[in-house]
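Structural overview
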Amino acid sequence: MKKGHINVETENIFPIIKKFLYSDHEIFLRELVSNAVDASQKLKVLSKNGEYDKEVGELKVEVILDKAAKTLTIRDNGIGMTADEIDKYINQIAFSGAEEFVQKYKESDNKESIIGHFGLGFYSAFMVAEKVEILTLGRYEDATAVRWESNGTTEYTIQDAEKATRGTDIILHINEESAEFLEEARIGGILNKYCKFLPVPVIFGTRTEQIDDPKGEKDEEGNIKKISNEVPDQINNPSPAWTKMPAELEKEDYAQFYRELYPSTIEDPLFHIHLNVDYPFNLTGILYFPKIKENVEVQKNKIQLYSNQVFITDSVEEIVPEFLTLLHGVIDSPDIPLNVSRSYLQSDSNVKKISAHISKKVSDKLKEMFKKDRKDFEEKWGDLRIFSEYGMLSDDKFADRAKAFHLMESTDGKFYTPEEFKEEVKATQTDKDGKTVFLYTNDKEEQYSFVKAANDRGYKVIELQGPLAAHWVQKMESSLENVTFARVDADTLDKLIQKDENIPSKLSEDEQKELQPVFEATVNKDKFKVQFESMSESEAPIVVTQPEFIRRMKEQQAMGGAGFFGAFPETYNMIVNSNHPKISSILAAKGEEQAQKAKQLTDLAMLAQGMLKGEDLTNFVNRSIELV
Ligand SMILES: Nc1ncnc2c1ncn2[C@@H]1O[C@H](COP(=O)(O)OP(=O)(O)OP(=O)(O)O)[C@@H](O)[C@H]1O
């Protein structure tokens, strides 16, 4: 056996780090501004701990564009670096001064968070620059300023330099192919995306302000004149709402922050959840519940992920369960690894914990609202339902918790949790096998006659709509004991909720056989199956239904599930009530009259299901006019 050391040649690795570390080149600015913010935060920590006793002053980061010189400078007045520090932190790739600092000061009670971790960020500058200069003056009494320069090979120069004030300038000489980063609008856009909530003021260019004329000159109406004044443009809000304590914030502050996050959204959110965890991982944030529309796709991906107030991404699918991507807002966690691939994120244990935690917080909040003010919750339910359904379908733990607040609305406008509804209808809607049947409608206008027939019998019908209803029903059937769901028009009521008592049939079997072809002639035989059933006289003479199973299959197929069954044929049952007096009268009639009457009854049944269309409808109308 032979043991050895794998040899890493910096010359070979360096270009890879430079070019491929980040797929998005614009990230360099996020990295460099983050370093500048870190340098400022570190100074605050040192000052608080008594290790820096000079004036800290107003800490800020400036981004300065010089198009003529083709440079972009990131300037801070933070801790700065000595030559030795440059040697340690910059000349050694992947040695992070940030990490070292955090380790050293983690015991002391500092609120200032440090962004850097890996000791690679600085080198992302070479993705866009042919030469990078560092001009820096350390924080020590007798510090000498130094200038470090490298043109992106592994060689660098370092020498004493002139710099009057504490802090660091990182000067990028932008390369040919990265000329876009010399455009003011481009830089402004990147800063606005990644740096909008950094904890230290970030200045880029100037903006024009209207101020009172300092000379006090007045206009014709006697008001002091306004004059234009150029002021440094601070692009960030250093203390966004999520970094504050919930007790410090009013309802309006949350609404205000929502508008700050989504300036183009008009509608206010329904409510919010303020997340604040520090064990076993760090997480802060505010999640907002928007009013969720049927078209869920357009609302997704509005959550912004931050790490120590640095924007990372707004595609958070890997970090939160899919249904939570319907929410809006901000999540900030220094424990989410930033510079790694997306697939790695999914398996990261912190990310998994965070995801489970958020899901729990959200269900806790809904439960709390339900308990605190049920009436208000019921009013909001229309906007929450799809979210909750989605959650129950995609997250078993959420489904379990949602049982306590997920509501179903009955056609008479009452709200029930599934268990409450079971209690309510158990006595009347349990069939001979002991299954309680939840009757539902997905359109109470279209299925009006079926809903009414059920209500007349004392049955309750719930309303289930939307794209997820079919899947949700399946889910509930497997989680509620002895419950099955049936759409109210899936069969006759006697069949949907089979009781023991059998009503004797007025028509004999022979008479049914005689009538069978008469009714079959009124419809397309391939689509409709004619059956006789002995129902109560008070029910309709003919009922057209689509079996629950076939309809569910078709619905799931339409949503992209259950594809392996192949295309499902459109089939219906046409149930003839063998006890209805009109059916007896059709039996008595003969020839043309019999056929006409049968057709009229069939069309009426179709009409009740909203299935009478086209030529059949026109013929029906004309025939009915004749009858009058
Ligand atoms: N503007 C600056 N002022 C003071 N020190 C700096 C500055 N920029 C970089 N440094 C020092 O150089 C080190 C390396 O920076 P680099 O961006 O490569 O890594 P990092 O910030 O530690 O981690 P990450 O890779 O997560 O950004 C920093 O940790 C810090 O000690």
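Residues numbered from 1 in each chain as written. Predicted model: local features only at pLDDT ≥ 70, side-chain atom pairs only at ≥ 80, totals over all residues.

As for the overall build of the protein chain
The test is simple: Here a strand is any run of E in DSSP of at least two residues, a helix any run of H or I of at least four, and the numbering for each starts at the N terminus. To sort residues by burial, count the other C-beta atoms lying within 10 Å of each one's C-beta; a count of 20 or more means buried, 12 or fewer means exposed, and anything in between means partly exposed. C-beta atoms are built from the backbone. Note on contacts: each residue gets a C-beta atom placed from the backbone, and two residues are in contact if those atoms are within 7 Å.
Helix and strand counts for the protein chain stand at 19 helices and 21 strands. When burial is assessed residue by residue, the protein chain has 34% of its 628 residues classed as buried. Here the contacts in the protein chain between residues at least 6 apart in sequence split such that 69% fall between residues at least 24 apart.

With respect to helix α11 (residues 418–429)
Stated precisely, the cut-off is as follows: Helix span is expected to be 1.5 Å times the residue number reduced by one. As used here, the arc is the angular range of directions from the helix axis to the C-beta atoms.
Here α11 contains twelve residues, and its C-alpha end-to-end distance of 14 Å is more than 12% below the 16 Å for a straight helix at 1.5 Å per residue. Every buried residue of α11 is listed here: Phe 421, Val 425 and Gln 429. Viewed end-on, α11 has its buried residues packed into an arc of 30°, placing them on one side of the element. With respect to the buried face of α11, the exposed residues turned more than 90 degrees away are Glu 423, Lys 426 and Ala 427. Structurally, α11 contributes buried residues whose contacts are with β14 (408–410), β15 (415–416), β16 (436–441) and β17 (461–463).

A look at unusual backbone geometry
If you check the backbone angles, Asn 308 has positive phi at about 45° while not being a glycine. Structurally, the position occupied by Asn 308 is in the loop between β11 (302–307) and β12 (310–313). For Asn 308, a count of 23 C-beta atoms within 10 Å translates into the label buried. A positive phi is found at Asn 482, a non-glycine position, where the angle reads about 55°.

Some remarks on the environment of Glu 419
By the element assignment, Glu 419 lies in helix α11. Along the sequence, Glu 419 and Leu 137 sit 282 residues apart, while their C-alpha atoms lie 69 Å from each other.

A look at the sheet that holds strand β20 (residues 542–545)
This is how it is decided: The pairing criterion for strands is at least two bridges between them, as found by DSSP. Axis lines are fitted to C-alpha atoms, over the contacting stretch for helices. Their N-to-C directions set the angle, which ranges from 0 to 180 degrees.
What the three strands build is an open sheet, ordered β19-β21-β20; its pairing is mixed. The outermost strands of the open sheet, each flanked by one partner alone, are β19 (528–533) and β20. Neighbour-to-neighbour, the strand axes of this sheet turn through a mean angle of 20°, independent of strand direction. Its contacts with the sheet put helix α15 (residues 509–520) on β19 and β21 (572–577), and the angle it makes with β19 is roughly 150°.

Section: the UniProt feature "binding site: ATP" (unreviewed entry) in the protein chain
Spelled out, the test is: UniProt positions are given in the numbering used here, feature names are shortened, and annotations may be inferred rather than shown by experiment.
The sites that UniProt annotates as "binding site: ATP" (unreviewed entry) are Glu 31, Asn 35, Asp 76, Met 81, Ser 96, Gly 97, Thr 168 and Arg 342. Topologically, Glu 31 is positioned in helix α2 (residues 27–48). For Glu 31, the contacting residues outside a window of four places in its chain are Gly 121, Phe 122 and Ser 124.

What to know about the confidence of the model for the protein chain
Convention followed: The score called pLDDT rates the predictor's confidence residue by residue, from a low of 0 to a high of 100.
Looking at the protein chain, pLDDT values average 87 and 89% of them are 70 or higher. Interface predicted TM-score (ipTM) for the complex: 0.97; the corresponding pTM is 0.76.

Some details on the pairing of strand β9 (residues 271–277)
Note that β9 and strand β10 (residues 283–289) share seven bridges and pair antiparallel. Bridging across to β10, Ile 273 finds its partner in Leu 287. In sequence, β9 turns back onto β10 through a hairpin of five residues.

As for the packing of helix α9 (residues 374–394) against helix α13 (residues 469–479)
Spelled out, the test is: Note on terminology: angles under 35 degrees are roughly parallel, angles over 145 are roughly antiparallel, angles of 65 to 115 are roughly perpendicular, and the others are oblique. In this scheme the handedness of a crossing depends on how the near helix is turned from the far one: anticlockwise by less than a right angle means left-handed, clockwise means right-handed. We call Asp, Glu, Lys and Arg charged. Ala, Val, Leu, Ile, Met, Phe, Trp, Tyr, Cys and Pro are nonpolar, and the rest, Gly among them, are polar.
Packing of α9 against α13 leaves a shortest axis separation of 10 Å and a crossing angle of 55°. When the axes of α9 and α13 are compared, the pair comes out oblique. By crossing handedness, the relation of α9 to α13 is classed as left-handed. Seen from α9, the contacting residues are Glu 389, Met 392 and Leu 393; seen from α13, they are His 471, Trp 472 and Lys 475. When its residues are assigned to classes, the contact of α9 with α13 shows three nonpolar, one polar and two charged.

Considering the sheet that holds strand β13 (residues 328–332)
Read across the open sheet, the five strands follow the order β9-β10-β13-β11-β12; overall the sheet is mixed. Strand pairing shows two members of the sheet lacking a second neighbour, β9 and β12, which therefore form its edges. Going from strand to strand, the sheet's axes swing by 20° on average, the running direction of each strand aside. Strand direction decides the pairing type here: β11 and β13, joined by five bridges, are parallel. Pairing of Ile 303 across the sheet is with Gly 329, part of β13. Packing against the sheet, helix α8 (residues 349–372) makes contact with β9 and β10, and its axis sits at approximately 135° to β9.

Details of the pairing of strand β7 (residues 202–212)
As paired elements, strand β1 (residues 61–66) and β7 share three bridges and run parallel to each other. Along β7, the bridge assignment pairs Val 61 with Val 202. Relative to strand β8 (residues 226–234), β7 runs antiparallel, the two sharing eight bridges. Within β8, the residue paired with Ile 211 across the bridge is Ile 227.

Comments concerning the environment of Val 231
Within the secondary structure, Val 231 sits in strand β8. With 23 residues separating them along the chain, Val 231 and Thr 208 place their C-alpha atoms 6.3 Å apart. Apart from the residues lying within four places of it in its own chain, the contact partners of Val 231 are Thr 206, Arg 207 and Glu 209.

Structural notes on the environment of Gly 285
As for its position among the elements, Gly 285 is in strand β10. By the C-beta count within 10 Å, which is 24 here, Gly 285 ends up buried. The sequence separation of Gly 285 and Ile 273 amounts to twelve residues, and the corresponding C-alpha distance is 8.2 Å. When neighbours within four sequence positions are excluded, Gly 285 is seen to be in contact with Trp 242, Leu 275, Gly 329, Val 330, Ile 331 and Asp 332.

Description of the nonpolar core
In plain terms, the rule: Connectivity within a nonpolar core runs through C-beta atoms within 7 Å, and the core itself is a set of buried Ala, Val, Leu, Ile, Met, Phe, Trp, Tyr and Cys residues.
Counting residues in each nonpolar core, the largest one holds 115 residues, and the members touching the most others are Val 33, Ala 125, Leu 172, Leu 191 and Val 202. Top element by residues in this core is α2. It accounts for nine residues. Core analysis: the next-biggest nonpolar cluster, separate from the first, contains 19 residues, Leu 507, Phe 519, Ile 542 and Ile 575 among them.

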